[in-house]
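Reading the structure
Listed here are the chains, written in short residue letters.
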Amino acid sequence: MAGGDFLALFTQMRSGAFRLELRDRYNVPEERARWEAFQVRDWAELDRLNESQRATWMRLMREATMTGRHVQRVRVVSEPPSDYIRFELALNPGNADAGEDIRYLPRHVADDLDLPSEDYWLFDRRRLALMRFDDDDALVSTELIDDPGTVARYSEGRDTAWAVATPFAEYVKKWRGAERP
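Residues numbered from 1 in each chain as written. Predicted model: local features only at pLDDT ≥ 70, side-chain atom pairs only at ≥ 80, totals over all residues. Heavy atoms only, no water.

A word on the layout of surface pockets. In this structure, the largest pocket spans a volume of roughly 1,000 Å³. Around the largest pocket, the lining comprises 31 residues; the ones closest to its centre are F6, V28, E30, E31 and W57. Going through the elements one at a time, α1 (3-12), β1 (16-21), α4 (55-66), β2 (70-77), α5 (83-97), β5 (127-133) and β6 (139-145) are the ones with two or more residues in the lining of the largest pocket. The element best represented in the lining of the largest pocket is α5, accounting for five residues. Residue classes in the lining of the largest pocket are distributed as 15 nonpolar, seven polar and nine charged. If you add up the space inside the second largest pocket, you get close to 200 Å³. In terms of lining residues, the second largest pocket is bounded by 14 residues, among which N50, E51, R54, M58 and G94 are the most central. Looking at the lining of the second largest pocket, the elements that each hand over two or more residues are α3 (43-53), α4 and α5. With five residues, the single largest contributor to the lining of the second largest pocket is α5. Classifying every residue of the lining of the second largest pocket by side-chain character gives six nonpolar, two polar and six charged. (1 Å grid on protein atoms, 1.4 Å probe; cavity = no way out; pocket = protein on both sides within 12 Å on 5 of 7 lines; lining within 4 Å. Points joined across faces, edges and corners; volume = space filled by probe spheres on them. Helix = DSSP H or I, 4+ residues; strand = E, 2+ residues; numbered from the N terminus. Nonpolar A, V, L, I, M, F, W, Y, C, P; charged D, E, K, R; others polar.)

The next subject is the pattern of salt bridges. Any two side chains of opposite charge can pair, given that their charged atoms come close. One pass over the structure, following the stated rule, counts 18 salt bridges. Here D137 ties to R25 by a salt bridge, and the two come within 2.8 Å at their closest N and O atoms. Residue D137 is located in the loop between β5 and β6, and its partner R25 is located in the loop between β1 and α2 (32-39); the two are separated by 112 residues in the primary sequence. Judged by relative accessible area, D137 falls into the buried class, the value being 15%. By relative accessible area, which is 35% here, R25 ends up partly exposed. Across the pair D101 and R103 runs a salt bridge, and its minimum N-O distance is 3.9 Å. By relative accessible area, which is 18% here, R103 ends up buried. One network of salt bridges, with partners in common, ties together R19, E21, R73, R75, E88, E100 and D119. (Salt bridge = Lys/Arg side-chain N within 4 Å of Asp/Glu carboxyl O. Buried < 20%, exposed > 50% of the residue type's maximum accessible area, 1.4 Å probe, protein only.)

A word on the sheet that holds β6. Strand order in the open sheet made by the seven strands is β6-β5-β4-β1-β2-β3-β7, with mixed pairing throughout. The open sheet has two free edges, formed respectively by β6 and β7 (166-167), since each of these has just one partner strand. Strand direction decides the pairing type here: β2 and strand β3 (residues 101-106), joined by six bridges, are parallel. Along β3, the bridge assignment pairs V76 with L105. (Pairing = 2+ DSSP bridges.)

All told, the structure shown has 21 aromatic pairs when counted by the stated rule. Judged by centre distance (6.4 Å) and plane angle (85°), the rings of F18 and W162 are edge-to-face. Of this pair, F18 sits in strand β1 while W162 sits in helix α7 (residues 148-164), and the two are 144 residues apart along the sequence. Here the two residues F18 and W162 agree in accessibility, since each one is buried. Joined through ring pairs, the aromatic side chains of Y26, W35, F38, W43, Y84, F87 and F133 make up one cluster. (Phe/Tyr/Trp six-rings, centres within 6.5 Å; stacked < 30°, edge-to-face > 60°.)

Encoded structure:
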């Protein structure tokens, strides 16, 4: 599924979208400059890059949430957080300002739940975008699935994860300073 086709799912959704993130690291070429700024703790450069490079995503999230649709994520994370998760914690305020509701679920808690084993986006509880990654944490494919039985299983995973995950504003207190030491 091409990038533009995937982004169109956010304009086509009626009620909202949910993402389950299971990896402690993602290898996203478009993030490389931001990741490097984070690694050297160049906060001004990270903020500048975030504003320019994530403008399309943020606009899409604002448009969706301003029209009453929701965008939710649960990030399953190892603790203490990996460098990449700390990077995401640093970016979360921008996502929250754009209307995304992001929650965190410690991996040791998630391990006791019956969650799907793949990352995915769920749109309107009717369409599933199943994401597959290679051994270097790079996205290799996204499969769009409309089968009601399959979608129902991943919807149950959404409900389970969402019910026990901690909202970002609360979770970040536990790791205060981890996002920008």
